[in-house]
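Structural overview for review
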Amino acid sequence: MKFKRLMLAVPFALLVLVLSLSGCEQEEAPTEDLSVLNRALNSEPDSLDPQRNRSVQSADVLRDIGEGLLGYAADGKLIPASAESWSVSDDGLVYTFTLRDTLKWSNGDPVTAEHFAFALRRLVDPATAAFYAEQVKMIVNASAITADGEPVDSLGVKALDARTLEIRIDQPTPYMLYLLTHPSTFPVHPDSLQAHGENFTDPGNYVSNGAYRLEGREASSVITLRRNEQFWNADNVAIDQVRWHIVVDEMSEINRYRAGELDMTSTVPSPFFEEARVEFPDELKVAPTLSVYYYGFNVTKPPFKDNLALRQALSMAVDREKLVETITARGELPAYSWVPPGIENYESPVFSYAKLTQEERNKIAKQLYRQAGYSEENPAEIELRYNTSDVHRRIAVSVSSMWSDVLGVETNLINEEFRVLVQNMREREVTQAFRSNWSGDYTDAVTFLGIMAPGATWNLPGYDSAEFGELMESAARQVDLDARRLYLEEAERILLRDHPVLPLYFYVSKQLVKPRVLGRQDNLLNYHYSQYLSLADTEE
């Protein structure tokens, strides 16, 4: 009764207000109707800083949130991106790009030619320590800046006006346009970089120029992107939100796909591949891709330094056909060359023993093993390092078993976290043999051969052949594409002869894709930009 009396004492207008507010509190807040694409990454991106990225996973995300002067269509064809047009001088040494007049950053600021010039200078700046700096070494003064400390402003890039960028190079480079699709050449927002330093890539700080903007990031869990309304082609971007899920365990990825938590997997693990053919016949996508899985030999230290016979014996003792049929078992091709098939105007040479039977290879391998100074009484003891992954472990176990059965090699398998392995490979202090892979960034043989040039960042074995280097330099000077091809093919022939690497197989892309995902097309580079995808209406 007391409560009733108090309520009755409240003025009527106030009572109406209280009841109105009470009713509002009980209503559920309206939810935003978003189209959401859930994609998988099989490891954490090392960096979302365009100039500092170095992994396939980073590049996948960066192609969503950034854009270069050029890009790729859904089918892998080169197309204009931020640049609407370009011209090349008669001598092939000056590229002039005209930017679209509607380019904006995700915060609404205009994207200018100077922003692209700034990014290229930052890429070659030694202070950035960019893995991909050497990819643009043909730009005037790039090498002098990176290696010799010349002023960064001396780089041969110049904004002629807000929409016109000029790039000057030292020598004709037939694949120059392809290089400018790579995330390492994407522009960065200078004001954000200055304001936030290394934290400019954090959610809330990141100002981007691509189809999506960074909305959130949970370490080792998920990266959330939101459609960038300021993107020049935003009207043709169908999906509102992209969630990149980091799923290291391959079978967990499959289980999450089964449960409907993922629309696209990053891969299909070997133990599940045949089952996937039966369970998801229309959702399994398999296609050739420009990637090689290999073991590298640290040729700067024993036991592989100055011991070609040992390197060749180990290479010949690996039954690559058996490896791809029983271990990887997802359509991979045995690798007897370094450059994968599919490169236009290029035919890879192969190992001299490629056409021999495995029995014949094993016989020669044993002779080379003895020539290298080893025997059953004095077996080679080798450390083989690989990063954490079930498939890498199974491949390492299989290869070490082949080495043991054929040659008597005693192999110590060392499993390391990916970043630790990368650091050890680059330092070359403790590594002997190690697992790695390389995916082409563009459809030219140089994207594979170039990383084995003396001093190249990704020359992880420490291969230092003057003959190989001279052939690569001669190829770079050629204007005639057929002459260039001959130099490149001879360079690969020398690389295979010297055996600093043991190519095991060429990848095929393997994905499960939900039927509701539309617009995905197979391509050699295995690039699938989210902006080209859409989601079917699944409502009844």
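What you see is a predicted model; the values in this text were computed from it and never measured. (Residues numbered from 1 in each chain as written. Predicted model: local features only at pLDDT ≥ 70, side-chain atom pairs only at ≥ 80, totals over all residues. Heavy atoms only, no water.)

A look at the overall build of the protein chain
- Each helix and strand in the protein chain was counted, giving 17 helices and 18 strands.
- Dimensions of the protein chain, computed from the C-alpha atoms along their principal axes, are close to 105 × 60 × 40 Å.
- Within the protein chain, the fraction of its 540 residues that count as buried is 53%.
- Across the protein chain, contacts joining residues at least 24 apart in sequence account for 69% of those joining residues at least 6 apart.
- Only carbon and sulfur atoms are counted for the fraction: they give 48% of the accessible area of the protein chain, which is about 24200 Å².
- Between the mean site of the 52 positive side-chain charges and the mean site of the 80 negative ones, the protein chain shows a separation of 3 Å. (Helix = DSSP H or I, 4+ residues; strand = E, 2+ residues; numbered from the N terminus. Buried < 20%, exposed > 50% of the residue type's maximum accessible area, 1.4 Å probe, protein only. Contact = heavy atoms within 4.5 Å. Areas by Shrake-Rupley, 256 points an atom, 1.4 Å probe, with all protein chains shown as cover. Lys, Arg positive; Asp, Glu negative; His and termini not counted. Charge placed at Lys NZ, Arg CZ, Asp CG, Glu CD.)

Quick look at helix α3 (residues 56-65)
- The element α3 is largely enclosed, with a buried count of 8 among its 10 residues.
- Check the buried side of α3 and you find it contacts β1 (36-41), β8 (212-218), β9 (222-227) and β10 (241-246).

With respect to the packing of aromatic side chains
- Under the criterion given, the structure shown has 21 aromatic pairs.
- Ring centres of Tyr293 and Tyr507 lie 6.1 Å apart, and the angle between their planes is 50°; this geometry places the pair in the tilted category. You can see Tyr293 sitting in strand β11 (residues 284-297) and its partner Tyr507 sitting in strand β16 (residues 501-512), a full 214 residues away along the chain. The pair formed by Tyr293 and Tyr507 is uniform in burial state, with each residue classed as buried.
- Lying across the ring of Tyr527, Arg63 places its NZ or CZ 3.6 Å from the centre.
- Stacked on the ring of Tyr257, the Lys or Arg Lys514 has its end atom at 4.0 Å from the ring centre. (Phe/Tyr/Trp six-rings, centres within 6.5 Å; stacked < 30°, edge-to-face > 60°. Lys NZ or Arg CZ within 6 Å of the ring centre and 35° of its normal.)

As for the side chain of Gln135
- Relative to the helices and strands, Gln135 is located in the loop between α4 (113-124) and α5 (142-148).
- Among the residues examined, Gln135 registers a relative accessible area of 13% and is labelled buried.
- Those residues in contact with Gln135 that lie beyond four places of it in its chain are Leu179, His182, Asp441 and Tyr442.

Examining the environment of Arg121
- The topology assignment puts Arg121 in helix α4.
- By relative accessible area, Arg121 is classed as buried at 15%.
- Between the alpha carbons of Arg121 and His392 there is a distance of 37 Å; along the sequence they are 271 residues apart.
- When residues no more than four places from it in sequence are discounted, the contact partners of Arg121 are Glu114, Val152, Asp153, Leu155 and Val157.

Brief notes about the pattern of salt bridges
- Across all of its chains, the model carries 31 salt bridges by this definition.
- For Arg485, the salt bridge is made with Glu489, and the minimal N-O distance between the two is 3.4 Å. Residue Arg485 and its partner Glu489 are located together in helix α17 (residues 481-498), separated by 4 residues, close to a single helical turn.
- Linked by salt bridges that have partners in common, Asp49, Arg52, Arg122 and Glu198 make up one network. (Salt bridge = Lys/Arg side-chain N within 4 Å of Asp/Glu carboxyl O.)

Some remarks on the sheet that holds β10
- If you trace the 4 strands from one edge of the open sheet to the other, you get β1-β10-β9-β8, paired in mixed fashion. The strands lining the two open edges of the sheet, one partner per strand, are β1 and β8. With direction set aside, neighbouring strand axes in the sheet form an average angle of 20°.
- Bridge count for β1 against β10 is 6 bridges, and the pairing is parallel. The residue of β10 that forms the bridge with Leu37 is Val242. (Pairing = 2+ DSSP bridges. Axes fitted to C-alpha atoms, helices over the stretch in contact; angles between N-to-C directions.)

Let's talk about the nonpolar core
- Core analysis: the biggest nonpolar cluster contains 115 residues, and Ile167 and Trp338 have the highest contact counts within it.
- For this core, the element with the highest residue contribution is helix α13 (residues 390-407), accounting for 8 residues.
- Dropping the residues within four chain positions of it, Trp338 is found in contact with Val292, Tyr294, Phe448, Leu449, Ile451, Met452, Glu492, Leu495, Leu496, Val501, Pro503 and Phe506.
- By size, the runner-up hydrophobic cluster in this structure holds 23 residues, among which are Leu48, Leu62, Ala211 and Ile246. (Core = buried A, V, L, I, M, F, W, Y, C linked by side-chain atoms within 4.5 Å.)

Some thoughts on the sheet that holds strand β12 (residues 333-334)
- What the 6 strands build is an open sheet, ordered β12-β16-β11-β15-β13-β14; its pairing is mixed. The sheet is open, and its two edges are formed by β12 and β14 (410-416), each paired on a single side.
- In terms of strand pairing, β11 meets strand β15 (residues 433-439) through 7 bridges, oriented antiparallel. Within the sheet, the bridge partner assigned to Phe297 lies in β15 and is Ala433.
- The sheet contacts of helix α14 (residues 418-427) involve β13 (381-387), β14 and β15, and relative to β13 the element is tilted by about 130°.

Let's talk about the packing of helix α16 (residues 466-476) against α17
- Between α16 and α17, the shortest axis-to-axis distance is 8 Å and the interhelical angle comes to 165°. Between α16 and α17, the angle falls in the class roughly antiparallel. As for the relative orientation of α16 and α17, their crossing is left-handed in sense. Residues Glu467, Phe468, Leu471, Met472, Ser474 and Ala475 of α16 touch α17, and the partners they reach there are Arg484, Tyr487, Leu488, Glu490, Ala491, Ile494, Leu495 and Arg497.
- A per-class count over the contact of α16 with α17 returns 9 nonpolar, 1 polar and 4 charged. (Parallel < 35°, antiparallel > 145°, perpendicular 65-115°, else oblique. Left-handed = near helix turned anticlockwise from the far one by under 90°. Nonpolar A, V, L, I, M, F, W, Y, C, P; charged D, E, K, R; others polar.)

Focus on the packing of helix α11 (residues 320-328) against α13
- Interaxial distance between α11 and α13 falls to 11 Å at its minimum, and their mutual angle equals 140°. Judged by the twist between their axes, the crossing of α11 over α13 is right-handed. Together, Lys322, Leu323, Ile327 and Thr328 of α11 and Arg394, Ile395, Ser398, Val399 and Met402 of α13 make up the contact between the two elements.
- Taken together, the residues of the contact of α11 with α13 sort by class into 5 nonpolar, 2 polar and 2 charged.

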